[in-house]
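# Structure assessment
So you can see what is in the structure, the chains are spelled out below.
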Amino acid sequence: QVQLQESGGGSVQAGGSLRLSCAASGATYSRYCMAWFRQAPGKEREGVAIINFGAPITSYADSVKGRFTLSQDNAKNTLYLQMNSLKPEDTAMYYCAARTSGGYYCSDIYSQYNSWGQGTQVTVSS
């Protein structure tokens, strides 16, 4: 079992930056995939950024490519999401997720992830 805790959300103006953190504890050695999802009111959950620990390799949603970047601090078991050039449409609750079974096949389908953090709110104003 892996436990996840997000932090770093807040309120910023358009064009600003935030860095989200996802601290993992427990069976971190069992991670195959981790991802950031976001969900705005009235919209479905969207996969934003995914890391496959088999390489590792990363992938991003088209809506955030060139603006968001994943990074890791392995010593702290922490995954970061650097968000630059934020837009109002980035406003959402952001969730960190992990998949600890099934091998190194990582997708943006939220049902394939079995561990979730509680979420951190990101609000971007015009």
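As a reminder, the structure under discussion sits directly above these lines.
All figures in this text were calculated on a predicted structure; none of them were measured in a lab.

## Focus: the overall build of the protein
Counting secondary structure elements, the protein contains zero helices and eleven strands. Put simply, the protein runs from its N terminus to its C terminus through helices and strands in the order β-β-β-β-β-β-β-β-β-β-β. Taking 126 residues into account, the globule formula puts the C-alpha radius of gyration at 14 Å, and the protein, at 14 Å, falls close to it. Seen along its three principal axes, the alpha-carbon backbone of the protein occupies a region of about 40 × 30 × 25 Å. A fraction of 58% describes how many contacts in the protein between residues 6 or more apart in sequence connect residues 24 or more apart. Summing over all exposed atoms, the protein offers an accessible surface of approximately 6,500 Å²; the carbon and sulfur share of this is 45%. Where the 10 positive side-chain charges of the protein centre and where its 8 negative ones centre are 4 Å apart.

## Let's talk about the pairing of strand β1 (residues 2–7)
Taking every second residue as pointing to the same face, the buried face of β1 carries Val2, Leu4 and Glu6, while none of Gln3, Gln5 and Ser7 on the other face is buried. One ladder, built from six bridges, connects β1 with strand β3 (residues 18–26); its direction is antiparallel. Within β3, the position partnered with Glu6 by the bridge is Cys22.

## A few points about the pairing of strand β6 (residues 57–60)
Two strands pair when backbone bridges link them, and strand β5 (residues 46–52) and β6 are joined in this way by four bridges, in the antiparallel orientation. Each bridged residue has a counterpart across the sheet, and for Asn52 the counterpart in β6 is Ile57.

## Some details on the packing of aromatic side chains
Per the counting criterion, the structure on display carries four aromatic pairs. Aromatic side chains Phe37 and Tyr113 sit 5.4 Å apart centroid to centroid with 75° between the ring planes, which places their arrangement in the edge-to-face category. Of this pair, Phe37 sits in strand β4 (residues 33–39) while Tyr113 is found in the loop between β9 (92–99) and β10 (115–116), placing the two residues 76 residues apart along the sequence. Like Tyr113, Phe37 is buried. Site record: aromatic cluster; members linked through ring pairs are Phe37, Tyr95, Tyr113 and Trp116. Above the plane of the ring of Phe53 lies Arg31, whose end atom (NZ or CZ) is 4.5 Å from the centre.

## What about empty space enclosed by the protein?
Under the criterion given, the structure shown has one cavity of 30 Å³ or more. Estimates place the volume of the largest cavity at around 30 Å³. Around the largest cavity, the lining residues are Arg31, Phe53, Gln72, Asp73, Asn74, Asn77, Thr78 and Leu79. For the lining of the largest cavity, the secondary-structure elements that each account for two or more residues are β7 (68–73) and β8 (78–83). Its residues placed into classes, the lining of the largest cavity shows two nonpolar, four polar and two charged.

## Looking at the nonpolar core
Ranked by size, the top nonpolar core spans 28 residues in total, and within it Leu4, Met34, Trp36, Phe68, Leu81, Met83 and Tyr94 carry the most contacts. Elements that contribute at least two residues to this core include exactly β1, β3, β4, β5, β7, β8, β9 and β11 (120–125). Once residues lying within four places of it in the same chain are set aside, the contact partners of Phe68 are Arg38, Val48, Tyr60, Leu81, Gln82, Met83, Asn84, Leu86, Asp90 and Tyr94. Counting residues in hydrophobic clusters, the runner-up holds seven residues, among them Cys33, Phe37, Ile50 and Ala97.

Calculation notes
- Residues numbered from 1 in each chain as written.
- Predicted model: local features only at pLDDT ≥ 70, side-chain atom pairs only at ≥ 80, totals over all residues.
- Heavy atoms only, no water.
- Helix = DSSP H or I, 4+ residues; strand = E, 2+ residues; numbered from the N terminus.
- Rg over C-alpha atoms; globule rule 2.2 N^0.38 Å.
- Contact = heavy atoms within 4.5 Å.
- Areas by Shrake-Rupley, 256 points an atom, 1.4 Å probe, with all protein chains shown as cover.
- Lys, Arg positive; Asp, Glu negative; His and termini not counted.
- Charge placed at Lys NZ, Arg CZ, Asp CG, Glu CD.
- Buried < 20%, exposed > 50% of the residue type's maximum accessible area, 1.4 Å probe, protein only.
- Pairing = 2+ DSSP bridges.
- Phe/Tyr/Trp six-rings, centres within 6.5 Å; stacked < 30°, edge-to-face > 60°.
- Lys NZ or Arg CZ within 6 Å of the ring centre and 35° of its normal.
- 1 Å grid on protein atoms, 1.4 Å probe; cavity = no way out; pocket = protein on both sides within 12 Å on 5 of 7 lines; lining within 4 Å.
- Points joined across faces, edges and corners; volume = space filled by probe spheres on them.
- Nonpolar A, V, L, I, M, F, W, Y, C, P; charged D, E, K, R; others polar.
- Core = buried A, V, L, I, M, F, W, Y, C linked by side-chain atoms within 4.5 Å.

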